[in-house]
Amino acid sequence: MKRAIITVVGKDTVGIIARVCTYLASEKVNILDISQTIVSGYFNMMMIVDVTGRDADFGRLEEELAKVGEEMGVVIKMQREDIFDSMHRI
Amino acid sequence: MINITEVSETNDMIEKENLDVRTITMGISLLDCIDSDLDKLCEKIHDKIYNSAKDLVATGEQISKEYGIPIVNKRISVTPIAIVGGAACKAQEDFVKIAKTLDKVAHEVGVNFIGGYSALVSKGMTKADELLIRSIPQALSQTELICSSVNVGSTKTGINMDAVRLMGDMILETAKASEHIEVNGCAKLVVFCNAPDDNPFMAGAFHGVTEADRIINVGVSGPGVVKTALSKVRGENFEVLCETIKKTAFKVTRVGQLVAKEASERLGVPFGIVDLSLAPTPAIGDSVADILCEIGLEHAGAPGTTAALALLNDQVKKGGVMASSYVGGLSGAFIPVSEDQGMIDAVEAGALTLEKLEAMTCVCSVGLDMIAIPGDTKATTIAGIIADEMAIGMINQKTTAVRLIPCIGKKVGDSVEFGGLLGHAPIMPVNSFDCSAFVNRGGRIPAPVHSFKN
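Residues numbered from 1 in each chain as written. Chains lettered and ligands numbered in written order. Predicted model: local features only at pLDDT ≥ 70, side-chain atom pairs only at ≥ 80, totals over all residues.

Q: Before we go on, may I ask you to explain the overall build of chain A in this structure?
A: Assigned secondary structure in chain A consists of three helices and four strands. For 90 residues, the compact-globule formula gives about 12 Å, and the C-alpha radius of gyration of chain A, at 13 Å, lands near that figure. Expressed along its principal axes, the backbone C-alpha trace of chain A runs to roughly 35 × 35 × 20 Å. Scored against the burial criterion, the 90 residues of chain A give a buried share of 26%. Partitioning the contacts of chain A with sequence separation of at least 6, the portion at a separation of at least 24 is 66%. (Helix = DSSP H or I, 4+ residues; strand = E, 2+ residues; numbered from the N terminus. Rg over C-alpha atoms; globule rule 2.2 N^0.38 Å. Buried ≥ 20, exposed ≤ 12 C-beta atoms within 10 Å, placed from the backbone. Contact = placed C-beta atoms within 7 Å.)

Q: What am I meant to see in the interface of chain B and chain A here?
A: When the parts of a complex come together, some accessible area is lost, and that lost area is often used as the size of the interface. Between chain B and chain A, the residue contacts involve 18 residues of the former and 22 residues of the latter. When contributions to the side of chain B that touches chain A are tallied by element, the ones reaching two or more residues are α1 (4–16), α3 (56–67) and α9 (238–267) of chain B. Across the side of chain B that touches chain A, the residue classes break down as eight nonpolar, five polar and five charged. (Nonpolar A, V, L, I, M, F, W, Y, C, P; charged D, E, K, R; others polar.)

Q: What's the story with the domain arrangement of chain B in this structure? I'm lost.
A: All names here are of chain B. The domain architecture assigned to chain B consists of domain 1 (19–193) and domain 2 (218–449). Facing the 47 residues of domain 1 at the interface are 52 residues of domain 2. Elements that contribute at least two residues to the side of domain 1 that touches domain 2 include exactly β1 (20–28), α3, β4 (146–154), β5 (158–160), α7 (161–177) and β6 (189–193). The leading source of residues in the side of domain 1 that touches domain 2 is α7, at eleven residues. Its residues placed into classes, the side of domain 1 that touches domain 2 shows 24 nonpolar, twelve polar and eleven charged. (Domains from an automatic or database assignment.)

Q: Hey, could you run me through the pairing of strand β4 (residues 74–80) of chain A in this one?
A: The two faces of a sheet get side chains in turn, since along a regular strand they alternate between them. Residues and elements named next belong to chain A. The buried fraction of β4 is high, at five of seven residues. In terms of strand pairing, strand β1 (residues 3–11) meets β4 through seven bridges, oriented antiparallel. Counterpart to V8 in the pairing with β4 is I76. (Pairing = 2+ DSSP bridges.)

Q: Where do I start with the environment of G268(B) in this structure?
A: On the secondary structure map, G268(B) appears in the loop between α9 and β8 (271–275). Along the primary structure G268(B) and Q341(B) are separated by 73 residues, whereas in three dimensions their C-alpha atoms are 38 Å apart.

Q: Would you explain the confidence of the model for chain B in this entry?
A: Confidence in the prediction of chain B, expressed as mean pLDDT, is 93, and 100% of residues score 70 or more. Predicted complex metrics record ipTM = 0.89 and pTM = 0.92. (pLDDT = per-residue confidence, 0-100.)

Q: Would you explain helix α2 (residues 38–53) of chain B in this entry?
A: Residues spaced three or four apart along an α-helix point in a common direction, a consequence of the helix completing one turn every 3.6 residues. Residues and elements named next belong to chain B. The terminal C-alpha atoms of α2 lie 22 Å apart, and with 16 residues this matches the ideal 22 Å at 1.5 Å per residue to within 8%. Among all positions in α2, only L38, L41, C42, I45, I49, S52 and A53 are buried. The arc enclosing the buried residues of α2, seen along the axis, measures out at 115°, which places them on a common side. For α2, exposure combined with an orientation more than 90 degrees from the buried face picks out D39, D47 and N51. (Expected span 1.5 Å × (residues − 1). Arc of directions from axis to C-beta.)

Q: I would appreciate a short explanation of the sheet that holds strand β3 (residues 42–50) of chain A in the present structure.
A: Residue and element names in this part refer to chain A. Read across the open sheet, the four strands follow the order β2-β3-β1-β4; overall the sheet is antiparallel. The open sheet is flanked by β2 (31–39) and β4, the only strands paired with a single partner. Adjacent strand axes in the sheet meet at a mean angle of 15° when their direction is disregarded. Taken together, the nine bridges between β1 and β3 define a ladder with antiparallel strand orientation. (Axes fitted to C-alpha atoms, helices over the stretch in contact; angles between N-to-C directions.)

Q: Any chance you could explain the environment of D33(A) here in plain terms?
A: Within the secondary structure layout, D33(A) lies in strand β2. Given 13 C-beta atoms within 10 Å, D33(A) falls into the partly exposed group. Separated by 13 residues in sequence, D33(A) and M46(A) have C-alpha atoms that sit 8.2 Å apart. Sequence-distant contacts of D33(A), defined by excluding residues within four places in its chain, comprise M47(A), I48(A) and M1(B).

Q: Help me understand the packing of helix α10 (residues 288–295) of chain B against helix α11 (residues 305–323) of chain B in this model?
A: Packed helices, taken two at a time, are described by the angle their axes make and the gap between the axes. All names here are of chain B. Between α10 and α11, the least distance of the axes is 10 Å, while the angle of their chain directions is 105°. Classed by the angle they form, the pair α10 and α11 counts as roughly perpendicular. Contacts from I291, L292 and I295 of α10 reach α11 at T305, A308, L309 and L312. Grouping the constituent residues of the contact of α10 with α11 by class yields six nonpolar, one polar and no charged. (Parallel < 35°, antiparallel > 145°, perpendicular 65-115°, else oblique.)

Q: When you look at the confidence of the model for chain A in this model, what are you seeing that I'm missing?
A: As a general rule, the predicted coordinates of low-pLDDT regions are not to be interpreted in detail. Counting all residues, the mean pLDDT for chain A is 92, and 100% of those residues have values of 70 or more. Averaged over each element, pLDDT in chain A is lowest for β2(A) (89) and highest for β4(A) (95).

Q: Honestly, the nonpolar core in this entry has me stumped. Any pointers?
A: Soluble globular proteins tend to pack their nonpolar side chains together in the buried interior. Residue and element names in this part refer to chain B. Formed by 171 residues in total, the largest nonpolar core has its most connected members in V152, V164, M167, V259, I386, L404 and I405. Composition of this core by domain shows at least three residues from each of domain 1 (19–193) and domain 2 (218–449). Apart from the residues within four sequence positions on either side, V259 is in contact with V21, I63, I69, I71 and V218. (Core = buried A, V, L, I, M, F, W, Y, C linked by C-beta atoms within 7 Å.)

Q: What is the right way to look at α11(B) in this model?
A: All names here are of chain B. In this model α11 runs 27 Å from its N-terminal to its C-terminal C-alpha over 19 residues, within 8% of the 27 Å that 1.5 Å per residue would give. Along α11, the positions that sit buried rather than exposed are T305, A308, L309, L312, N313, Q315, V316, G319, G320 and A323. Where α11 is buried, its residues touch α9, α10 and α13 (354–361).

Q: Just checking my understanding: could you explain the packing of helix α1 (residues 16–26) of chain A against helix α2 (residues 58–72) of chain A for this structure?
A: Residue and element names in this part refer to chain A. Two elements in contact, α1 and α2, have axes separated by 11 Å at closest approach and are oriented at 155°. One finds that α1 runs roughly antiparallel with respect to α2. For the pair α1 and α2, the crossing hand works out as right-handed. Across the interface between the two elements, I16, R19, V20 and Y23 from α1 touch L65, V68 and M72 from α2. Here the residues of the contact of α1 with α2 are counted per class, giving six nonpolar, no polar and one charged. (Left-handed = near helix turned anticlockwise from the far one by under 90°.)

Q: Help me out: how do you make sense of unusual backbone geometry in this one?
A: Peptide bonds are trans in most cases, and residues, glycine excluded, mostly fall at negative phi. Residue and element names in this part refer to chain B. For the bond running from M202 to A203, omega is 10°, close enough to zero to count as cis. With respect to the element layout, A203 can be found in the loop between β6 and β7 (214–221). For N194, which is not glycine, the phi dihedral falls at a positive 55°. Among the secondary structure elements, N194 is positioned in the loop between β6 and β7.

Q: What should I look at first to understand the pairing of β4(B) in this one?
A: All names here are of chain B. When you tally the buried positions in β4, you get nine out of nine residues, the bulk of the element. Pairing analysis gives six bridges linking strand β3 (residues 113–120) to β4, with the strands arranged parallel. Within β4, the position partnered with G115 by the bridge is C147. Read as a crossover between parallel neighbours, the route from β3 over helix α6 (residues 127–142) to β4 is right-handed. Sheet topology note: the β4/β5 ladder contains two bridges and is antiparallel. Each residue of the ladder has a partner; that of G153, found in β5, is I159. Counting the residues that bridge the hairpin from β4 to β5 gives three residues. (Right-handed = clockwise from strand over helix to strand, strands pointing away.)

Here it is in structure tokens:
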């Protein structure tokens, strides 16, 4: 399975998770795990999603998610999981 | 499974501490392009480079996007042109024609630089080697993306003092030839001792003759990441200090290894090495000098600087070697002056001199790098500085290099702007006592006694 990490960072507001999940559902991307914290009013969320077989449109998903974030005033990034695995796991 | 703290740590390194992959460099052998007909040679060189590297930039950008890590430069290194052009080039202009071909194809494939306008003359010069070296001022002032390097010595062969003397002249002539163009050609010209065959960094990258047909080498960087990590252990002892640098270097290098593996797979070109250098840029917070300050110095250049740099360099290597299967020959810390705001500040404060920089090169990965000197410096003096630096490399069995930039019409106290990644630099004073009788002797300095290992 190929996994990607979606991070959402920004000022907390109503419906952030709903918007991201709606977008992912419309793109048929399965969510495997969600964790979230709020540090001094700042929303910090991480999602692990399944991107198996999505190599061709990875760039598009990444761009569209960033746009969804812009609309809500938060920063959304989607990165392949390997970069975190490489850095933090031996 | 990865947790949110680890994800934030990685993304903070990228977003706030300037962690990046400094370069993906594709090494391309041009040995199979050799032809005695200059036009045919240029055509073959163009086609081989174009076909090999046409997807390099797009692939680099795609990887950058998918992993969310900036890949700043995409570059090409080629077989030293003195070897490739030997059969076809009968005059300096012939070599310049090859330089223009390289420049053209580099523009076509969209890379930032192409390295390998080089000659390896550590023991002696062939006619072609000498022609290429003499063509450097013209080649660098008439092209945009070409980088040139000349290896004039090694621990195994000694130092070719004829070549050292010649390079003194060529550096000065390159400065004069590029006086009226935007970038000083000397910023793209480096003189080496013990040059590695697989260096991904410019200006010294070339594709050694011992290498495969094509290869992907990656250079990672991140002085800001090391500095931030060290700011959390202020006042702790050396054990804690060293451990922190080592762990950080490990993490940084792992990213390089991942990118190198991906690039290699996607381009269908074998993976060569990861070079885990702390290479600064003029951006604030991307400075090796700042790390030295964080270790405990008021400015780079203060007493203790050489020791601090020595431990930094060593710990970077120790962290890096475990993170990558193949580590490159230049790994460590780079100390270019004009490309590092902290170094510039140290020079302007009067803390850092050319002599101290020379001492620092004994313990770090490269040498006297991106140092602006007065335009009226004598060619023999430049040759003397090169000879000193080459001797350090030869005796200590390490790579050393010299990238001096004489600034025509400028004096000590003036400042010069190189633009972009090359930064700006204050003109540094050079010892004005004469060494011409020494460098004009001719011949070569024999290899040191510890080179006889057979």
